[in-house]
Every structure is written in C-alpha cells, then in structure tokens.
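Notes for the structure review
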Amino acid sequence: MTTDNTNISFQADGSPYSEQFDDIYFDTESGCQQSEQVFINGNEISQRLTDKKIPIHIGETGFGTGLNFFLTAQKLEQAIEAHGPEQVADVTFTTVEKYPLSKAQIAQSLTMWPEIQHLVEQTLLQYPDSPDGKCNISLLNGKLILCIIFDDATQGFASLKLAQKQKINAWYLDGFSPSQNADMWSADLFEQIAQLSADDATLATFTVAGFVRRHLTNAGFRVEKKATVGKKRQTLVAKYQQAANGKGYLLRPSAPKVQHVTIIGGGIASACLTYMLAKQGVKVTLLCKDETIAQGASSNAIGALYPLIHLQQDEISHFYVEALQTARTFYDQLLADGYYFSHDWSGILESSFSDALKKRQAKFAQSPVWSADIIESLNADQASNKAGIKLNNGGMFIPQAGWIAPAELVNSLIRAASDIGQVKVKTNTKVTELSQLEDNRWQLTTGKGNITASSLVVCAGADSDLIAPLSELPTYPVRGQVSQVELANGDKDLSTVICHKGYMTPANNGQYCIGATFDKHDRDLATRQADDSYNLSMVKQSLPELPDIPPQQVVESKARLRAMTPDHLPVAGPMPKTALYPNLYGKLAKDKNWKIDTPAPYYENLYVLGGLGARGLCSAPLVSELLVADLCNLPYRLPSKMRFNLAPNRFILKDIIKGKVKS
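Note that this is a predicted model, so its numbers are computed, not measured.

Turning our attention to the overall build of the chain. Of regular secondary structure, the chain possesses 18 helices and 32 strands. Whereas a compact globule of 663 residues would reach a radius of gyration of roughly 26 Å, the chain reaches 28 Å, a difference of no more than 12%. Expressed as lengths along the three principal axes of its C-alpha atoms, the size of the chain is roughly 90 × 65 × 55 Å. Sequence-distant contacts in the chain: of pairs separated by 6 or more residues, those separated by 24 or more amount to 74%. Placing the 63 positive and 68 negative side-chain charges of the chain at their respective mean positions leaves the two points 7 Å apart.

What follows is the structure in structure tokens.
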C-alpha cells in the first residue's frame, strides 16, 4: 500500500483536502469543536472515562488525519492528570483507513493544533513508514491502545474477532460525506458494526441522512437526532439495543414513532408521560376517572421526593439514585420554564431512632459506599442543624431530596403539556374494559361510551390491576392514610422531611403532613380516626423529643391507594402476553442462562406504567422517560439490566426460572 497519498492536497490555511472524494478532512473553523461535539460528546466519552469499572473500546470508520483519535487521547490524558490513572478507564481505539496518509501528511495536517502535538509526535514514532495490514500503538503508559486496520471499512471490521467482553462500546461513524463516498456507507458496513457492538454500545455521526438512519435502525440501533451549535445544526446519536445474545426476552419491541397516545390516569406518572410525549410532538389524550386530575395519591397536600437508597450498592438503590437525579433535573427545568409548584429541596433525614438503625448508620459511617452528595451520615447535632429543630438522634441525610405539593406539580405538568399543544384531557371518564381490535388498535369501554386508541398506556395507579390484561401483573393496592396537622408552636421551624417509622414534612400553607398507614389489599378510601391516632403515635414513639401532637390538631385526613410491586421497583414497558411465556422460555427453569433468542411476545400497542408505590414523585420522571423511548423509538438511557428490572415481563420470567410456572 502506498506510503504517500497523492490524492491529498493542502489548502491555503494548511488544512488537508481529498482530491479523490472532493471533500475536506475537517472544517478548519470548527474542526476540534465539531469532532468533540459530534463524537466525544455524542458518546459521552468524558463521563465514561471516570468510570474505571468499564473499559472503553472505541470503533471508528476512517482514521484520516487522526484528529478524532488525538482529541480522545487528550481527554484521556486530562482525566488521568485530574483523577490519577487508577481512577480512569482504559481505552482501546480501533479504526480503519483504506487510504492512509503518510507520517508527514498527518503531521502537516495537524500543525494548527499545538495542544495535541506531543500526542501526535508520540503516535507517529510508532506509525508505520509503509502503512499496510494493521498496526498497534501504545500511549499514556498503556492506558490507550490504538489499532489501525489499513483496509476498506467493511472488510477491515469483518477481519476483527472480538470476545463478548472486548466488543466495541462506542462508535465514531466518520468518513467523507455519504454523497461523496457512498461505497463506505453501505448496509454491509452497518451489519459489521452491529456484530462488533457490545450491548448498549453508543454511536455518533455527523450525518443525519435518512438512509443512514434506516441502516442503523435495521442493524439494531435506536437512533435520535441531536441539536448542536456551529455549522452542524443536527447530528445523530444511537445505541445498539436490539441484540438478543441468547436472551431474546430482554428485547423490547422496536416500532416506528407513534403519532398519538391515549393514557389512562390522572396522577404524577401520567402527567410526566403526557408532558414528555408532547415535547416529542406526539398527540396525547388523557383519560381521568375523576372530576379533575390529581385526585388519587397525587392529591396529598405534601409529598416527599424520597428515593429508596440502601446502605449498600444494590440494583434497587442504583435505580433510585438515578431516579432522584433525573427527577431533580426534570422538576428544576419545569420551574425554570415558568411552571411553578410549591416545593423545597431541603433534603430528607432518615432518623436513626432505634439501636438497629444506629448500628446500621455507624457501619456506613466507617465505610461509606455512596458519596455524600447522595447520602451521608449525620450525628445528632448535624441532624438537628439540618432539621431546624433539636433532635436526640442522628440519621442518614439525602441532600438532593425534599418535598413537593403533588397536586400543584401534576397541574403544572399538564398545563405545560397543553401549552405545547395537541393534548386533550377528558375527565369523568372511567375505563372498565379493554379489547384489542383486528387492526391492533384498542377499544376502551367507559361510562361515556367506547373510545378507540391507536397506542394505549395504562397508567391508572392502583386501579390498573382491575383491568385485564393488566390484571395479570402482580401489582397490588396498598391503602395509606395521611394526617394533616396545624401546630401552634414547636415544629414550625422544621426544615426538612424526617422519616422514621412513618414521616413528617415541613409546613406548607401552615400545615404539616404526617403519615402514613400501610394496609395491603385494602381499597377503602374512607378515613379512619384510628389511622390518625396511629400516625401521631408513630411520631411520638420515633421522635419523643418533639412536643406531643394532640388529636384535635389534625385538621384533615386523606386515604389513598398506592400501587405496589413485589420487588419494590416500578413497571414500565410493553404489556407481555404472559400465557405464551412458559412454552417459549420453559427451559430457563432448568438453567436460567439457557440461550433463547426468541423475542418476547407482547400485546401490540399496549403499554403499562405503574407500581410506583410511595415513591412516585421520585421515580415518575425516569420511568416516563423510559416509556417515551419505547413509544418514540429513541435510544434508552438506562442499561439493559435496569430496563429488564423495570420491564412488565420480569415477573413471569422470574416465576419460570423459580419453577413456579410450568410449560
């Protein structure tokens, strides 16, 4: 192979130009910026570098001058300097180049960026004089390995044989413009990319051409356009999230973006989903059984934004940590957009009021597994300072948490969605039955007649399990009564939510909320004086240092239902045809790792969002985002394991594995 690409020329500003493809190698005005925005930011490389548990394997189509590589190397070098090599991921960078430049041409092409010259020089010392076959180059004391395959992109990648743990998890889909270099941008290339991709591999490219999007989708990628600054107004990002890998039951259905969605529900989950769909340009019809929205659990005067974080890193905790951060970002943006709701991000204090909880806290304090911005141990004085009142015990403090007026939030979300347009809210519309029509639309039987839905999401909280086929899921209702109290003195300085056997919130409009009872499979919404007494007694037992709250200071009580799941995680995704699972996946009872590529069977156009329990304010934005990705065929932000932990079909599959269901 030639060592001097004679089809390259250099323009007046020193930048390289391909005579063969009549195209520039990079934009001299924004070359670095464009490469960083499109490829590095598009694959979230900077964030991933500091996750030392996951090595990064980058695949690139078209090494060219090496600009993308050198900018990536610079990011790695900066991360090492800031955090130390042990705290930074190892990086492998595999790239192909059919028409390689010589050492001199690469050096000349990159002279305008002095900040990367030391990396260029170190690389060219190991770069072959006569590029052919492939070469491996080591930089940054072995933290970065560059593998260049000098071949056509499709053929070069076809020559790679990668073990599952070595597969590429970030792609730079680069190269000369598809209109100038159509041979490279072929369906065969995208198939090779898919075969080399790890589960949840990311991909970014500068082109938004329709045929590129179609090739990516056909190869198993979920694709999304992203707005950028500079000359490239839009780019594509994608994730490889349709690989069965012997576990076809993990796959969610991939379908074109929906145009209209009907949602059953009127609480926080349906409000978040409605708003997010409206922002995607999807028409929404919201069906609420009550006279107004936010009359279920979302009608409480104050609700805690409260994640479930165990003092060890487990899957439930990881979900709620992600959920809390997502919720805060989502709610803060809603507020910034001018949609107000009463709230205070004053944190939540989990009181260590018992000996067992004190031991648990002491163990965490000696060896914390979470950073202090997630959860931290406070002694009694520190806890008192956070709470604004004198407390006898310390506790665990979650600083990003707080409280919200749920009904105000729900109404603000629906107002924001309506302001975008194409949102209809139909109240006093109770759905009693669902039936699927021959064209896979759904007919809803209501007290106001039948309604037809092209895509349907059942988001009805504790009522969801009363509607077939949603009744096949093991969600169940839990009744909770909350007591609202007015206190003349003593606790008006309470400045954070305190959780004990129950919880107590700061005041909103002069009233505190104390709760809540927990009665499984009890649908009675009538308030009970005994439940108010129980709530007050829980405060007295857990926080005896506070003044007694006499029953006459309870000014209002409210009993509502929460929808719970056996594993304490929400449910979000397509509704499974559970009756078909035992025959398809029965071998999992013998070996849970049995490879079965058969995709999971689902009811077409029927989705469920529920099981949020007592933590809906925390989890609703994240699970709604997951469902929006289902409905709009967008990349999932959550990894495959967490998606399965939230999937409605997880229950039947776990029952098969445990031998509870026979094929």
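What follows deals with the pairing of strand S21 (residues 431–436). The pairing of S21 with strand S22 (residues 442–446) spans five bridges and is antiparallel. Along S22, the bridge assignment pairs Glu433 with Thr445. A loop of five residues connects S21 with S22, the two strands running antiparallel in sequence, and Asn440 in this loop sits at a positive phi of about 75°.

Negative phi values dominate among residues other than glycine, just as trans dominates among peptide bonds. Residue Ala468 is joined to Pro469 through a cis peptide bond whose omega torsion reads 0°. Put simply, Gly515 and Ala516 share a cis peptide bond, and its omega is -10°. Among the secondary structure elements, Ala516 is positioned in the loop between strand S28 (512–515) and strand S29 (519–520). Positioned with a positive phi, Asn509 is a non-glycine residue whose angle comes to about 55°.

The next point concerns helix H9 (residues 268–279). Its twelve residues give H9 an end-to-end C-alpha distance of 17 Å, which sits within 8% of 16 Å, the value for a rise of 1.5 Å per residue. The buried fraction of H9 amounts to eleven of the twelve residues, a majority that puts the element mostly inside the structure. Turning to H9, its buried residues number three or more, namely Ile268, Ala269, Ser270, Ala271, Cys272, Leu273, Thr274, Tyr275, Met276, Leu277 and Ala278. Following H9 by one or two positions, Gly281 has its phi on the positive side, about 80°.

Glancing now at a positive patch on the surface. Judged by side-chain charge, Lys283, Lys424, Lys426 and Lys448 come together as a positively charged surface patch. You can see Lys283 is positioned in strand S13 (residues 283–287).

Moving on: the sheet that holds strand S10 (residues 221–227). Spatial strand order, S6-S7-S5-S4-S8-S9-S11-S10: eight strands in an open sheet with mixed pairing. For this open sheet the edge positions go to strand S6 (134–139) and S10, each flanked by a neighbour on one side alone. Pairs of neighbouring strands in the sheet enclose a mean axial angle of 15°, with direction left out of account. Bridge analysis of strand S5 (residues 91–96) against strand S7 (residues 144–149) gives six bridges, and the strand direction is parallel. Bridging across to S7, Thr92 finds its partner in Ile145.

What follows deals with the sheet that holds S13. The mixed open sheet is built from six strands, whose spatial order is S20-S13-S12-S24-S32-S31. Of all the strands in the sheet, just strand S20 (423–426) and strand S31 (571–576) have a single pairing partner and so form its edges. Across the sheet, the axes of successive neighbouring strands diverge by a mean angle of 20°, strand direction being ignored. As judged from the three bridges shared by strand S12 (residues 260–264) and strand S24 (residues 456–458), these two strands associate in the parallel manner. Looking at the pairing, Ile263 lines up with Val457 of S24. Running over the sheet, H9 touches S12, S13, S20, S24 and strand S32 (602–610) and is turned about 170° from S12.

For the rest of this paragraph, the subject is the nonpolar core. Counting 84 residues, the largest nonpolar core has Leu277, Tyr331 and Val457 as its most contacted members. Among the elements that take part in this core, helix H16 (residues 616–632) stands out by supplying eleven residues, more than any other. In this structure, Leu277 is in contact with Val261, Ile263, Val282, Val284, Val628, Leu631 and Cys632, ignoring residues within four places of it in sequence. Counting 69 residues, the second largest nonpolar core, distinct from the first, contains Phe69, Tyr127, Leu140 and Ala243.

Let us look at the packing of helix H7 (residues 187–196) against helix H8 (residues 210–218). Where H7 contacts H8, the axes come no closer than 9 Å and their chain directions differ by 40°. By the angle between their axes, H7 is oblique relative to H8. Crossing handedness for the pair H7 and H8: right-handed. Contacts between H7 and H8 involve Ala187, Phe190 and Glu191 from the first element and Val212, His215, Leu216 and Asn218 from the second. For the contact of H7 with H8, the class distribution of residues is four nonpolar, two polar and one charged.

So, on to the packing of aromatic side chains. Going through the model one piece at a time under the given rule, you end up with 18 aromatic pairs. An angle of 35° between the planes, with centres 5.4 Å apart, marks the rings of Phe39 and Tyr172 as tilted. Taken as a pair, Phe39 in helix H1 (residues 31–41) and Tyr172 in strand S8 (residues 168–173) lie far apart in primary sequence, 133 residues in all. In this structure an aromatic cluster arises from ring pairing among Phe39, Phe63, Phe69, Phe70, Phe93 and Tyr172. Residue placement shows Arg615 over the ring face of Tyr306; its charged tip is 4.6 Å from the ring centre.

What counts, and where the lines are drawn
Residues numbered from 1 in each chain as written. Predicted model: local features only at pLDDT ≥ 70, side-chain atom pairs only at ≥ 80, totals over all residues. Heavy atoms only, no water. Helix = DSSP H or I, 4+ residues; strand = E, 2+ residues; numbered from the N terminus. Rg over C-alpha atoms; globule rule 2.2 N^0.38 Å. Contact = heavy atoms within 4.5 Å. Lys, Arg positive; Asp, Glu negative; His and termini not counted. Charge placed at Lys NZ, Arg CZ, Asp CG, Glu CD. Pairing = 2+ DSSP bridges. Expected span 1.5 Å × (residues − 1). Buried < 20%, exposed > 50% of the residue type's maximum accessible area, 1.4 Å probe, protein only. Patch = residues over 30% accessible without salt bridge, like charges linked within 9 Å, V, L, I, M, F, W, Y side chains within 5 Å. Areas by Shrake-Rupley, 256 points an atom, 1.4 Å probe, with all protein chains shown as cover. Salt bridge = Lys/Arg side-chain N within 4 Å of Asp/Glu carboxyl O. Axes fitted to C-alpha atoms, helices over the stretch in contact; angles between N-to-C directions. Core = buried A, V, L, I, M, F, W, Y, C linked by side-chain atoms within 4.5 Å. Parallel < 35°, antiparallel > 145°, perpendicular 65-115°, else oblique. Left-handed = near helix turned anticlockwise from the far one by under 90°. Nonpolar A, V, L, I, M, F, W, Y, C, P; charged D, E, K, R; others polar. Phe/Tyr/Trp six-rings, centres within 6.5 Å; stacked < 30°, edge-to-face > 60°. Lys NZ or Arg CZ within 6 Å of the ring centre and 35° of its normal.

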